[in-house]
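# Breakdown of the fold
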Amino acid sequence: MVRRIEVTGSGGVRLAAWEFAEPPKAGGRGRYDDGPVPGPGSRPGGVLLLHGLLGRAAHWAQTARWLSTRYRTIALDQRGHGRSDKPVSGPYAREAYVADAEAAVEQLGLAPVTLIGHAMGALTAWQLAARRPDLVRALVICDMRASALGAATQREWSQWLGSWPVPFATLADVRKWFGEDDPTLERPAPSRGDFYAEVMAERADGWRPLFFRRQMLQAREGYAHDAHWEELALVECPTLVVRGLDGALGRAEAQEMVRVLPRGRYAEVPDAGHLIHYDQPDGWRRVTEPFLDAAVPA
């Protein structure tokens, strides 16, 4: 089961959060390991899932299903994404995303929370863990670099976003373009097509993204130009750094991140690219589940 919860983020921005739980048993409530569903404030806290740039909470569905058998599990549509507000004037700075995640943890009673983030969401997660260690029990960083990505990548992203042939006539066209025809692809990637199909909405003229390009580029500014090693070193909780062998995070940098983290651990998923949790859910679970079992016993 999935239910929508409203969260008030920084500056009054309305955020859509999605709680995942097992279906209710016959004649009773949902169960977590044959116990009652944990509510706000229950120990051992909850899990907050934070998607990456251009993503949405629904991309965590497979992860959330197995997590929800043990923990209270919430996925957040971050500002500018999914069904959350997309204020024209923003802000889309790092501080706003961290403040939104902090608000979600506190309003939903998730502390001490386990934060699991992909890409931009992982950066938000470790920035919150660094600033509010009292709120965070454990952290999983999925394919996100601590180094600045570089100004050139921002220009490349702008050109790439502008190359999308929107509006798409059908969802099949979305899947084909992102999974086969995108000139940035080295080889076909069907799961990538599925990933982007989930961030499209049908309009009068066809299928268009749930986000706005200008806002996404603004959100990316904070890590295109800035490194975040100092905040990483301030993370006190157990932390797992996960990379795909063909992802955006290189092995040398991932291992350096683990060295910088006071309680860091490293894992990698074979045959995975940047969308590890989405296109290789079994491999992703194999490396994250043992870490969570040790760091956050259910």
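Scroll up for the structure.
Below: a short report on this structure. (Residues numbered from 1 in each chain as written. Predicted model: local features only at pLDDT ≥ 70, side-chain atom pairs only at ≥ 80, totals over all residues. Heavy atoms only, no water.)

## Concerning the overall build of the chain
Counting its secondary structure elements, the chain contains 11 helices and 12 strands. Along the first, second and third principal axes, the C-alpha set of the chain runs to 50 × 50 × 40 Å. Residues counted as buried form 55% of the 298 residues belonging to the chain. Long-range contacts, defined as pairs at least 24 residues apart, comprise 71% of the intrachain contacts of the chain with a sequence gap of at least 6. On the chain, roughly 12600 Å² of surface is accessible, and the fraction owed to carbon and sulfur atoms is 50%. Distance between charge centres in the chain, computed from 36 positive and 37 negative side chains, equals 3 Å. (Helix = DSSP H or I, 4+ residues; strand = E, 2+ residues; numbered from the N terminus. Buried < 20%, exposed > 50% of the residue type's maximum accessible area, 1.4 Å probe, protein only. Contact = heavy atoms within 4.5 Å. Areas by Shrake-Rupley, 256 points an atom, 1.4 Å probe, with all protein chains shown as cover. Lys, Arg positive; Asp, Glu negative; His and termini not counted. Charge placed at Lys NZ, Arg CZ, Asp CG, Glu CD.)

## Side note on the side chain of Thr288
For Thr288, the position within the fold is in helix H11 (residues 281-295). Residue Thr288 is classed as buried on the basis of its relative accessible area of 2%.

## Regarding the environment of Ala99
Mapped onto the secondary structure, Ala99 falls in helix H2 (residues 94-107). Taking the C-alpha atoms as reference, Ala99 lies 9.3 Å from Gly11; in sequence the two are 88 residues apart.

## Regarding the environment of Leu76
Mapped onto the fold, Leu76 is located in strand S6 (residues 72-76). With relative accessibility at 1%, the residue Leu76 sits in the buried group. For the pair Leu76 and Leu15, spaced 61 residues apart in sequence, the C-alpha separation works out to 7.4 Å. Excluding residues that lie within four positions of it along the chain, Leu76 makes contacts with Leu15, Ala16, Ala17, Leu48, Leu49, Leu50, His51, Ala57 and Ala104.

## Describing the sheet that holds strand S2 (residues 14-20)
The strand order across the open sheet formed by eight strands is S1-S2-S6-S5-S7-S8-S11-S12, and the pairing between neighbours is mixed. Each edge of the sheet is formed by a strand with only one pairing partner; in this case those strands are strand S1 (2-8) and strand S12 (264-269). The mean inter-strand angle of the sheet, taken between neighbouring strand axes irrespective of direction, is 20°. The sheet contact formed by strand S5 (residues 46-50) and S6 spans five bridges and is parallel. What sits directly across from Val47, in S6, is Thr73. Strands S5, strand S7 (113-118) and strand S8 (136-142) of the sheet are contacted by helix H3 (residues 120-131), whose axis makes an angle of about 145° with S7. (Pairing = 2+ DSSP bridges. Axes fitted to C-alpha atoms, helices over the stretch in contact; angles between N-to-C directions.)

## What to know about the nonpolar core
Membership of the largest hydrophobic core comes to 64 residues, with the highest contact counts inside it found for Leu48, Trp126 and Trp164. A total of eight residues in this core trace back to one element, the largest contributor, which is H3. Those residues within four positions of Trp126 in sequence are excluded, and the remaining contacts are Leu139, Ile141, Met144, Arg145, Ala146, His228, Glu231, Leu232, Val235 and Met257. Judged by nonpolar contacts, the second largest core, of 26 residues, contains Leu49, Ala57, Leu67 and Val140. (Core = buried A, V, L, I, M, F, W, Y, C linked by side-chain atoms within 4.5 Å.)

## Digging into unusual backbone geometry
Across the junction of Gly90 and Pro91, the peptide omega takes the value 0°, indicating a cis bond. Among the secondary structure elements, Pro91 is positioned in the loop between S6 and H2. In this structure, the amide linkage connecting Val166 to the following residue, Pro167, adopts the cis form with an omega of -5°. When you line up the elements, Pro167 lands in the loop between helix H4 (151-163) and helix H5 (171-181). Even without being glycine, Leu54 reaches a positive phi, approximately 75°. Its location among the elements puts Leu54 in the loop between S5 and helix H1 (61-67). By relative accessible area, Leu54 is classed as buried at 0%. The phi angle at Asp143 is positive, at roughly 50°, despite the residue not being glycine.

It is worth stressing that arrangement in space is one thing and function is another; only the former is reported here.
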